[in-house]
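One letter stands for each residue in the lines below.
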Amino acid sequence: MPKRYTLKGSSLEAIRAKALQHYGPGARIVAAEKVTNPGIVGLFAANRFEATVEVSDKPAGQAAAEVPGAPAMTVKAAQHPRDPGSAHDLDGTAIAALLERADAEELHLHRARPSAGAAAAPVSTASPDFAGLLEQLGKELERTSAPTAPPPPALPPAVPPAPMVTLPPSSAAFAEVPELLAGDGDLVLLLGLGDDALDVALQMSQAAGGADVRTAGELTAFGHLHVDGRHSATAARAQAVLTGHTVVVAYGLGVAGDAPGQASRIALLAPDQVWVVADARMKAEDTAGWSGALRAGLAGESIAVHALAVIGAAQTGTPETVNELGLPVGWVDGRPAAAATLGKVH
């Protein structure tokens, strides 16, 4: 009576060699399956093969004589477990085709199977769930690794620049004080001149009980990872979902004259919430100039500014001038704001 054994190897050729070494030329492969460890969105993925080898009790010479002109070891596949009505005589190419078919069916089953947490609430109301983040990260990695043709030469813009946004009047009353997003994987962007945004980001992280604080733009800081583009922003989101944190990015705009030109770079980060960091000690018209130009550029990229973080309010006699920026105040001098507008004595 034939005996069956299970062999594993990195390829079918490796399994054939192992079968020949252990069981002699009378062994034959009657079933094979490719097993894939998917890793994380393709990272660290690995394939291996498992095969069932049947060893006949007949002498090797008699087994070979039964099939005239057959090689010393024949490879056959038993009925496929996914298709009981089919049986195949397989060479290496046919086994590979059968494995591809099995992979396709398995992938279909995986896609059709609902996830256990489908009925649960999403990770964050403002950001995709972890599976979506990993899928997006995988696509970014594929685009990075795939060869691309050189970009065509730049052409002059066919449309005029986006018009300046109209800011609300200074007397506009905001109903609610904006709050920092706190969902796992949310990306909050703080835009400030110089390194103004970093101190605010650290203060917000401390008040929230811990956040993943990173830098971007013209600002770098020892001990903080730098976000530069959509790929690294997506990776930061995925890591924050795993650790249960919000990503707070301190974006350095450089000097006031450089701020409007940062809009396209900011848009690549696809933030869930955007704050402008304004120094109440600066002249109101200077702050309104660079922040208004920046908001106009961001409007052209479909990015909205949601709130204002104010620094230096306690060091000036006219902190209310920041109200002229037309943004609700959500943060003042290291703590959440008590009201969405500032008074003369705050």
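Small disclaimer: the values here were computed from a predicted structure and weren't measured.

Concerning the packing of aromatic side chains
- Overall, the coordinates contain 1 aromatic pair when judged by the stated rule.
- Note on Y5 and Y23: the rings are 4.4 Å apart at their centroids and 15 degrees apart in plane angle, and the pair reads as stacked. Placement of the pair is Y5 in strand β1 (residues 3-9) and Y23 in helix α1 (residues 12-23), with a sequence separation of 18 residues.
- Overall, Y5 belongs to the partly exposed group, its relative accessible area being 31%.
- Taking the relative accessible area as the measure of exposure, Y23 reaches 27% and is therefore partly exposed.

Some words on the sheet that holds strand β13 (residues 335-336)
- Reading across from one edge, β8-β7-β9-β6-β10-β11-β12-β13 is the order of the 8 strands in this open sheet, with mixed pairing throughout. The open sheet has two free edges, formed respectively by β8 (226-227) and β13, since each of these has just one partner strand.
- Inspection of the sheet shows strand β6 (residues 187-192) paired to strand β9 (residues 247-252) by 6 bridges, in the parallel sense. Within the sheet, the bridge partner assigned to L190 lies in β9 and is A250.
- Docked against the sheet, helix α6 (residues 230-243) engages β6, β7 (212-217), β8 and β9, running at close to 150 degrees with respect to β9.
- Together, β6 and β10 (273-279) form the strand contacts of helix α8 (residues 284-300), whose direction differs from that of β10 by roughly 165 degrees.

Examining the pairing of strand β12 (residues 329-332)
- Bridge count between strand β11 (residues 307-311) and β12: 3 bridges; the pairing is parallel. Across the sheet, V310 pairs through a bridge with V332, a residue of β12.
- From the end of β12 to the start of β13, which pair antiparallel, there are 2 residues, and D333 there has a positive phi angle of about 45 degrees.

Some points on the confidence of the model for the protein chain
- On average, residues of the protein chain carry a pLDDT of 76, and 63% of them reach 70 or more.
- Low confidence marks residues 63-91, where pLDDT is under 50. Its contacts with residues over four positions away, or in another chain, come to 42 contacts.
- Confidence over residues 113-127 falls short of pLDDT 50; this stretch has 14 contacts with residues more than four positions distant or in other chains.

Focus on the side chain of S205
- The topology assignment puts S205 in helix α5 (residues 196-207).
- Reaching out from S205, the side chain makes a polar contact with the backbone nitrogen of A211 at a distance of 2.9 Å.

A closer look at α8
- Over its 17 residues, α8 runs 24 Å from end to end, which matches the ideal 24 Å to within 8%, given 1.5 Å per residue.
- Turning to α8, its buried residues are T287, W290, S291, G292, L294, R295, A296 and L298.
- The positive-phi residue at the C-terminal boundary of α8 is S302, with phi of around 60 degrees.

Cut-off values and rules
Residues numbered from 1 in each chain as written. Predicted model: local features only at pLDDT ≥ 70, side-chain atom pairs only at ≥ 80, totals over all residues. Heavy atoms only, no water. Phe/Tyr/Trp six-rings, centres within 6.5 Å; stacked < 30°, edge-to-face > 60°. Helix = DSSP H or I, 4+ residues; strand = E, 2+ residues; numbered from the N terminus. Buried < 20%, exposed > 50% of the residue type's maximum accessible area, 1.4 Å probe, protein only. Pairing = 2+ DSSP bridges. Contact = heavy atoms within 4.5 Å. Axes fitted to C-alpha atoms, helices over the stretch in contact; angles between N-to-C directions. pLDDT = per-residue confidence, 0-100. Polar contact = N/O pair within 3.5 Å; in protein donor to acceptor, adjacent residues only side chain to side chain. Expected span 1.5 Å × (residues − 1).

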